[in-house]
Amino acid sequence: MDDNLKAERGPNPVDLHVGARVRMRRKFLGMSQEGLAETIALTFQQVQKYERGSNRISASKLYEISKALKAPVAYFFEGYGENEAVEGFSESESEQFVHGFLMTTEGIELAEAFPRIKNAKHRRRILELVRALAEDDDA
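Scanning the protein for helices and strands turns up eight helices and zero strands. Put simply, the protein runs from its N terminus to its C terminus through helices and strands in the order α-α-α-α-α-α-α-α. Across the 139 residues of the protein, 24% fall into the buried class. Intrachain contacts of the protein at a sequence separation of at least 6 include 57% that bridge at least 24 residues. Approximately 10000 Å² of the protein is accessible, and the part contributed by carbon and sulfur atoms is 54%.

Here the focus is a negative patch on the surface. Residues Glu135, Asp136, Asp137 and Asp138 make up a contiguous surface patch of negative charge. Following the sequence through the fold, Asp138 ends up in helix α8 (residues 120–138).

Approximately 160 Å³ is the volume attributed to the second largest pocket. The residue makeup of the lining of the second largest pocket, split by class, is four nonpolar, no polar and no charged.

Attention now moves to the nonpolar core. Counting residues in each nonpolar core, the largest one holds 19 residues, and the members touching the most others are Val22, Leu36, Ile57, Ile65 and Phe76. Counting residues per element, the ones that place at least two in this core are α2 (13–28), α3 (33–39), α4 (44–52) and α5 (59–68). Ranked by residue count, the leading element in this core is α2, at four residues. With near-sequence residues (within four places) excluded, Val22 lies in contact with Leu36, Glu51, Ile57, Ile65, Leu69 and Phe76.

Now for the packing of α2 against helix α7 (residues 105–113). Two elements in contact, α2 and α7, have axes whose closest approach is 10 Å; the angle formed by their N-to-C orientations is 35°. Crossing hand, α2 versus α7: right-handed. Of the residues in α7, those in contact with Arg23, Met24, Lys27 and Phe28 of α2 are Thr105, Ile108, Glu109 and Glu112. A class-by-class count of the residues in the contact of α2 with α7 yields three nonpolar, one polar and four charged.

This part covers the packing of aromatic side chains. Aromatic ring pairs are described here by two measures, namely the spacing of the ring centres and the angle between the planes. Across all of its chains, the model carries one aromatic pair by this definition. Plain terms: the ring middles of Tyr75 and Phe76 are 5.1 Å apart, the flat faces sit at 85° to each other, and that makes the pair edge-to-face. According to the relative accessible area criterion, Phe76 is buried, its value standing at 0%. Stacked on the ring of Tyr75, the Lys or Arg Arg21 has its end atom at 4.0 Å from the ring centre.

Definitions and limits used
The residue numbering used here restarts from 1 in each chain and proceeds along that chain's sequence as written. For a predicted model such as this one, the threshold for reporting local features is a pLDDT of at least 70, and the threshold for listing and counting side-chain atom pairs is 80 or more; totals across whole chains, interfaces and linings nevertheless cover every residue. Side-chain measures here rest on the full set of heavy atoms in the structure, leaving out hydrogens and waters. A run of H or I in DSSP becomes a helix once it reaches four residues, and a run of E becomes a strand once it reaches two; helices and strands are each numbered from the N terminus. Buried, partly exposed and exposed residues are distinguished by accessible area as a fraction of the type maximum, computed with a 1.4 Å probe on protein chains only: under 20%, between the cut-offs, and over 50%, respectively. Note on definitions: a residue-residue contact is assigned when non-hydrogen atoms from the two residues lie within 4.5 Å. The method behind every accessible area is Shrake-Rupley, applied with a 1.4 Å probe, and residues are considered shielded solely by the protein chains displayed. The patches described consist of residues with a relative accessible area above 30% and no salt bridge, like charges being joined within 9 Å and nonpolar side chains (Val, Leu, Ile, Met, Phe, Trp, Tyr) within 5 Å. Whenever Lys or Arg places a side-chain nitrogen within 4 Å of a carboxyl oxygen from Asp or Glu, that contact is recorded as a salt bridge. Only four residue types enter the charge count: Lys and Arg as positive, Asp and Glu as negative, with His and the chain ends excluded. Each charge is placed at NZ for Lys, CZ for Arg, CG for Asp and CD for Glu. For each structure, a 1 Å grid was placed over the protein atoms alone; sets of points admitting a 1.4 Å probe that cannot get out are labelled cavities, open sets with protein on both sides within 12 Å along at least five of seven lines are labelled pockets, and lining residues have an atom within 4 Å of a point. Grid points are joined across faces, edges and corners, and a volume is the space filled by probe spheres set on the points. Polar here means any residue outside two lists: the nonpolar Ala, Val, Leu, Ile, Met, Phe, Trp, Tyr, Cys and Pro, and the charged Asp, Glu, Lys and Arg; Gly therefore counts as polar. Remark: nonpolar core denotes a set of buried residues (Ala, Val, Leu, Ile, Met, Phe, Trp, Tyr, Cys) joined through side-chain atoms within 4.5 Å. Axes here refer to lines fitted to C-alpha atoms; in helices the fit is confined to the stretch in contact. Angles between the N-to-C directions go from 0 to 180 degrees. Left-handed describes a crossing in which the near helix is turned anticlockwise from the far one by less than a right angle; the clockwise case is right-handed. Only rings of Phe, Tyr and Trp enter the pairing, Trp through its six-membered ring, and a pair is recorded when the two centres are within 6.5 Å. The plane angle decides the type: under 30 degrees is stacked, over 60 is edge-to-face, the rest tilted. Geometrically, a charge over a ring is one whose NZ (Lys) or CZ (Arg) sits within 6 Å of the ring centre while staying within 35 degrees of the ring normal.

Below, the structure written as structure tokens:
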């Protein structure tokens, strides 16, 4: 395949999704890229490429990753193709945005930390702060 054509197309959407799920699960477990790489006998640079979707993960390596991250192989495909039209259902832009945010590092960290705040008043204040900051960015 022509290298220029490959560069123009970019990573395959499946590879991007699977890589993002690897990153999300790894971060959820508090594992570093180096830790995962060591467990599956790769370099952390290779793990970075997998997580960015720039390199495809072979079936055997995905199996090893699933064992290292204590998740079934199917976990890494969850949510993929759900945006495809299904008769009688469409995901709102808001739902798509939330899903996309939760796939980011910040989204994962926020989703883990926020529920640990026991004081409802503090949670409300944090929400108000986030709304105010978002309004400042919109202005």
